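Fold and geometry: a report
If you want the building blocks of each chain, they are given just below.
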Amino acid sequence: MFRRIKGQQQVIDLLQHATEQQRIAQAYLFHGGDGVGKFMTALYFGMALNCLSSSEYRPCGVCASCHKFLSFEHPDFMYLFPTVNLKLSSDGEIKDADAMRQYEAYLKNKIESPWQDFFFSGSTEIRKESISLLIKRLEYSIHEAKYRVVIIENADMMNTQTANAFLKTLEEPPPNTLIILITEKLPQILPTILSRCQPVYFKPLAQSVVQEILFEDFQVDTVLAKSAARISGGNLKTAIRVANDAGYSTRDKAFELLNMAYEKANLEYISQISKHKTSTDALRDLLAYLGIIANDLALIHLAPNEVTNLDKSEFLREVSHHNIPDRIPDYLLALDDFSRKLDGNVNPTLIQLSLFLATCDLLNL
Ligand SMILES: [Zn+2]
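Residues numbered from 1 in each chain as written. Predicted model: local features only at pLDDT ≥ 70, side-chain atom pairs only at ≥ 80, totals over all residues.

Topic: the overall build of the protein chain
Within the protein chain one finds 16 helices and five strands. Taken over the C-alpha atoms alone, the protein chain extends approximately 75 × 45 × 35 Å along its principal axes. Sequence-distant contacts in the protein chain: of pairs separated by 6 or more residues, those separated by 24 or more amount to 69%. (Helix = DSSP H or I, 4+ residues; strand = E, 2+ residues; numbered from the N terminus. Contact = placed C-beta atoms within 7 Å.)

Written out as structure tokens, the structure is:
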């Protein structure tokens, strides 16, 4: 099943080597950006150590042990993540009914569609009660596994007090216990935690890898897979979001904007943005997509086969004039600037207006 994790061969080699040499660290810290395979690798690593198959390709994904891990029902698999206050009882029962519903929905999402983010309503953290319960459970003997597996996701979301409560366990875990912490924010991990873990870095996925995953695992057509991969910045979750229906509309919206700018349809544009509110995420995707189209405008005369939006070649040729290649660098800088302003909480409508003007400047002689 490790072969299903694409674009992280170095990490897989490292973990497989550690397994073969039986030199498994007591605690690992998987770090790197979102959507690059950290959780999946952690889960498969735990499964591989417990897989009952005699094949050299472990985890097999089908034996009784693998099965329990994949459905999160293995009694020796403990998975912690930031939650709202669950009002845990001393034996780990969730006392708050609404929190319970959200907790179950989170797990269901994680099992069935892990590339989608799940948001709790309310502020989340890895709570002291959850860590205390984990420490207590680690004192019991192992039920059936060869290795007990603990995965703590977004480990940066423990406050100092909670992290300190966990230090002793991290330093001297009970035997045959594998602890994997996961974070996207390495600088926010306390040095005391960091020094007790073996760090493992996950790099952003290469564009070609994202494209391949979209094409092979999600049946996304080549044109869309290529553009979604470009937008994604190596984050599979973004790529999938862009490639699903919403993604198509990002592309449509980008071409719509371009067309209106080309036809100087100022009033139409203003009425459109005042009628349809655009979320920050959608506007960010739109800016990224306009960057791809700008590239296409530069390529359409030079190397028409390299264009991402091949099906729009005719339109691109029509709007692209001889000054465009000179203007594209400024346009790309402007897009970057709008993205930064969006992060800095500048009013999105203002950004949309400036974006339209910049696009008019690009297209009109
Ligand atoms: Zn197995």
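Focus: the confidence of the model for the protein chain
When the pLDDT values of the protein chain are averaged, the result is 92; 99% of them are 70 or greater. Per-element confidence in the protein chain is highest for strand β3 (residues 148-152), whose mean pLDDT is 98, and lowest for helix α11 (residues 245-262), whose mean pLDDT is 83. (pLDDT = per-residue confidence, 0-100.)

Some points on the packing of helix α13 (residues 280-302) against helix α15 (residues 324-343)
Following both chains from N to C, one finds α13 and α15 inclined at 170°, their axes separated by 10 Å at the closest point. In terms of their interaxial angle, α13 and α15 are classed as roughly antiparallel. Counted together, Thr280, Leu283, Arg284, Leu287, Leu290, Gly291, Ala294, Leu297 and Ala298 of α13 and Ile324, Pro325, Ile328, Tyr331, Leu332, Leu335, Phe338, Ser339 and Leu342 of α15 form the full contact between these two elements. In terms of residue class, the contact of α13 with α15 is built from 14 nonpolar, three polar and one charged. (Axes fitted to C-alpha atoms, helices over the stretch in contact; angles between N-to-C directions. Parallel < 35°, antiparallel > 145°, perpendicular 65-115°, else oblique. Nonpolar A, V, L, I, M, F, W, Y, C, P; charged D, E, K, R; others polar.)

Focus on the nonpolar core
As a rule of thumb, soluble globular proteins bury nonpolar side chains together. Core analysis: the largest hydrophobic core is formed by 81 residues, its most contacted members being Ile180, Leu214, Ala228, Ala239 and Ala243. Broken down by element, the residue count for this core peaks at eleven residues, all from α13. (Core = buried A, V, L, I, M, F, W, Y, C linked by C-beta atoms within 7 Å. Buried ≥ 20, exposed ≤ 12 C-beta atoms within 10 Å, placed from the backbone.)

So, the sheet that holds strand β4 (residues 177-183)
In space, the five strands of this open sheet follow the order β2-β3-β4-β1-β5, with parallel pairing throughout. Lying at the two open borders of the sheet, with one neighbouring strand each, are β2 (77-80) and β5 (198-202). For this sheet, the mean inter-axis angle between neighbouring strands, taken without regard to orientation, is 15°. Here strand β1 (residues 27-32) pairs with β4 via five bridges, running parallel. Among the inter-strand pairings, His31 is bridged to a residue of β4, identified as Thr183. Packed onto the sheet, helix α2 (residues 38-50) meets β1, β2, β3, β4 and β5 and runs at close to 175° relative to β4. (Pairing = 2+ DSSP bridges.)

Here we look at unusual backbone geometry
Arg58 connects to Pro59 through a cis peptide bond whose omega is 5°. Summarising the element assignment, Pro59 is placed in the loop between α2 and α3 (64-70). Located in the positive-phi region is Gln219, a residue other than glycine, with phi close to 50°. Take Gln219: it is sitting in the loop between α8 (207-217) and α9 (222-232).

A short note on the packing of helix α5 (residues 128-139) against helix α6 (residues 160-171)
Put simply, α5 and α6 touch, their axes get as near as 9 Å, and they point 10° apart. Considered as vectors, α5 and α6 are oriented roughly parallel to each other. Residues Lys128, Ile131, Ser132, Ile135 and Leu138 of α5 form the contact with α6, whose own contacting residues are Gln161, Thr162, Ala165, Phe166 and Thr169.

Section: the pairing of β3
The buried fraction of β3 amounts to five of the five residues, a majority that puts the element mostly inside the structure. Residues of β3 alternate between two faces, with Arg148, Val150 and Ile152 on one and Val149 and Ile151 on the opposite face, all of them buried. As defined by bridge partners, β2 adjoins β3 across four bridges and the pair is classed as parallel. Bridge pairing in β3 places Phe77 opposite Val149. Read as a crossover between parallel neighbours, the route from β3 over α6 to β4 is right-handed. (Right-handed = clockwise from strand over helix to strand, strands pointing away.)

Focus on the domain arrangement of the protein chain
Looking at the assigned domains, one finds that the protein chain contains domain 1 (2-82 + 125-202) and domain 2 (244-363). Spacing between the C-alpha centres of domain 1 and domain 2 amounts to 42 Å. (Domains from an automatic or database assignment.)

Looking at α9
Among the eleven residues of α9, eight are classified as buried, and the element is accordingly described as predominantly covered. Taken together, the buried positions of α9 are occupied by Leu224, Ala225, Lys226, Ser227, Ala228, Ala229, Ile231 and Ser232. Of the residues flanking the end of α9, it is Gly233, one or two places downstream, whose phi is positive at about 60°.

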